[in-house]
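Coordinates in review
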2 protein chains.
Amino acid sequence: MSAAAVDKRRVILDAAVRVFARQGFHTCRVSDIADEAGVAYGLVYHYFPSKEAILDTLFLERWDVMLAAIAEAERSDRPPREQLRAIASFIIESYRHDPDLMKVIVVEVTRAANTFGRTHVGKIMQAHEAIGRIVAQAQRDGVFRSDIDSAFAAQAFYGLIEQVLTHWIFSGLPVPAEEFEHVKTEVVEMICGGLGG
Amino acid sequence: MSAAAVDKRRVILDAAVRVFARQGFHTCRVSDIADEAGVAYGLVYHYFPSKEAILDTLFLERWDVMLAAIAEAERSDRPPREQLRAIASFIIESYRHDPDLMKVIVVEVTRAANTFGRTHVGKIMQAHEAIGRIVAQAQRDGVFRSDIDSAFAAQAFYGLIEQVLTHWIFSGLPVPAEEFEHVKTEVVEMICGGLGG
DNA sequence: ATACTGATTGACTCGTCAGTCAGGGAGCAT
DNA sequence: ATGCTCCCTGACTGACGAGTCAATCAGTAT
């Protein structure tokens, strides 16, 4: 594949992110993506076998980077609380850096239990499992309480972050810089410290 | 509207729940609903103006019951921890009683930020707000810590329950009776107690 | 020059499905 | 009996959009 071809493929992927974020996967037409990318309709099918394959590519590209970041946190020998913070931080920074892409991934894949969620359960589970391992290790070390199932805790942790992203997505407003930092702390406080009572 | 007509309307709604749960809203055809209900295609349009209106009806019917249950918990003067437990319990019992309906509501509405989520944000927010008020009151009473935003805590609480439902939905397996009880406790423990560390 | 390869174009096909509509009963009043 | 009002039917239409394909263009090798 020539250099120009690599570029065009990228141009189409980037256009798809904007279109999926704006209109949603089901509502947009392939011609919308072609228009946004400034290429002919047919060229989309030169690079991708189907509309779905474009979304798959976008998801996998980003998710693999995230899995690497989680593995990195897991491998480090920092205290579990900081390992969790590193993961929360990575996901929130991903949103800060490219909110459209994160919107597409959350809305069209990880929260779409029927359509693409089904296709990618495996990949999604890998993230939950890695987080679960961090919690389980902390429980063995006596740093976290052991009467809460580690897989359950992982769900709560990842679910809370996704819930925050969803809230930002729904609001449609740009998120002030200090809120990103504040939320990182609040997520870890909530999961590790709880509300009390 | 005659008694027979009320029944047919109900038959169509119940059939729609099964079809939406099995195939998803976008993938199913209106004729699938008619077939499942054992009525003619056109009758669906006699009772509902559109396919979307069926989903709206299903969602609003159930959501209003849930809002009432949350209001009930809020009104009671039990300790906040038990108020939260009552809400968690209500949602989990809803799933136990009619998993298909809860699947449809979670998958097709509350987690569908683009399509029906958008339409019903208002209703969805009402639930979050009520939970937030319970937390805020507990914070004023000094029972919950005050350095976590009450709206954020409400997100975490509701988000965790929805995450658990999603997990059950994804698994496709019937949930053992004892797990329902166990999860109610775990949700409250997680949100109020945290993991420690 | 000629031939070959891959990139690019956009009009067209073809299946799908939400929603329409004209009509056929069933009950009930007058 | 006649008319009226719902309930109910399912064949049909019209729009829409994913994916195809035959043709053109650009670069590069021989």
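Treat the numbers as computed from the prediction; the structure is a model and nothing was measured.

A separate point is the overall build of chain A. Looking only at helices and strands, chain A has 9 helices and 0 strands in total. Secondary structure elements in chain A, listed N-terminal to C-terminal, are α-α-α-α-α-α-α-α-α. Considering only C-alpha atoms, chain A reaches an extent of 60 × 35 × 30 Å along its principal axes. Counting over 197 residues, chain A shows a buried share of 52%. Sequence-distant contacts in chain A: of pairs separated by 6 or more residues, those separated by 24 or more amount to 70%. Total accessible area on chain A stands at roughly 8500 Å², and carbon and sulfur atoms take up 54% of it. When the 21 basic and 27 acidic side-chain charges of chain A are each reduced to a single mean position, those positions are 2 Å apart.

Below, the discussion takes up the protein's contact with DNA strand C. Around DNA strand C, the structure places 16 residues, and the nearest of them are A40(A), H46(A), Y47(A), V30(B) and Y41(B). For DNA strand C, a phosphate oxygen lies 3.1 Å from a polar atom in the side chain of K8(A). In this structure, a phosphate oxygen belonging to DNA strand C sits 2.8 Å away from a side-chain N or O atom of H46(A). When contributions to the surface near DNA strand C are tallied by element, the ones reaching two or more residues are α1 (3-23) and α3 (41-47) of chain A together with α3 (41-47) of chain B. For the surface near DNA strand C, the leading source of residues is α3(A), giving 5 residues. Here the surface near DNA strand C is built from residues that sort into 10 nonpolar, 3 polar and 3 charged.

Packed helices, taken two at a time, are described by the angle between their axes plus the distance between the axes. Residue and element names in this part refer to chain B. The geometry of helix α5 (residues 80-97) relative to helix α7 (residues 116-140) is characterised by a closest axis approach of 10 Å and an angle of 165 degrees between their N-to-C directions. Between α5 and α7, the angle is such that the two are roughly antiparallel. For the pair α5 and α7, the sense of crossing is left-handed. Within the contact between the two elements, α5 uses P80, Q83, L84 and I87 and α7 uses I131, I134 and A138. Residue composition of the contact of α5 with α7, grouped by class: 6 nonpolar, 1 polar and no charged.

Rules behind the numbers
- Residues numbered from 1 in each chain as written.
- Chains lettered and ligands numbered in written order.
- Predicted model: local features only at pLDDT ≥ 70, side-chain atom pairs only at ≥ 80, totals over all residues.
- Heavy atoms only, no water.
- Helix = DSSP H or I, 4+ residues; strand = E, 2+ residues; numbered from the N terminus.
- Buried < 20%, exposed > 50% of the residue type's maximum accessible area, 1.4 Å probe, protein only.
- Contact = heavy atoms within 4.5 Å.
- Areas by Shrake-Rupley, 256 points an atom, 1.4 Å probe, with all protein chains shown as cover.
- Lys, Arg positive; Asp, Glu negative; His and termini not counted.
- Charge placed at Lys NZ, Arg CZ, Asp CG, Glu CD.
- Near = heavy atom within 4 Å.
- Polar contact = N/O pair within 3.5 Å; in protein donor to acceptor, adjacent residues only side chain to side chain.
- Nonpolar A, V, L, I, M, F, W, Y, C, P; charged D, E, K, R; others polar.
- Axes fitted to C-alpha atoms, helices over the stretch in contact; angles between N-to-C directions.
- Parallel < 35°, antiparallel > 145°, perpendicular 65-115°, else oblique.
- Left-handed = near helix turned anticlockwise from the far one by under 90°.

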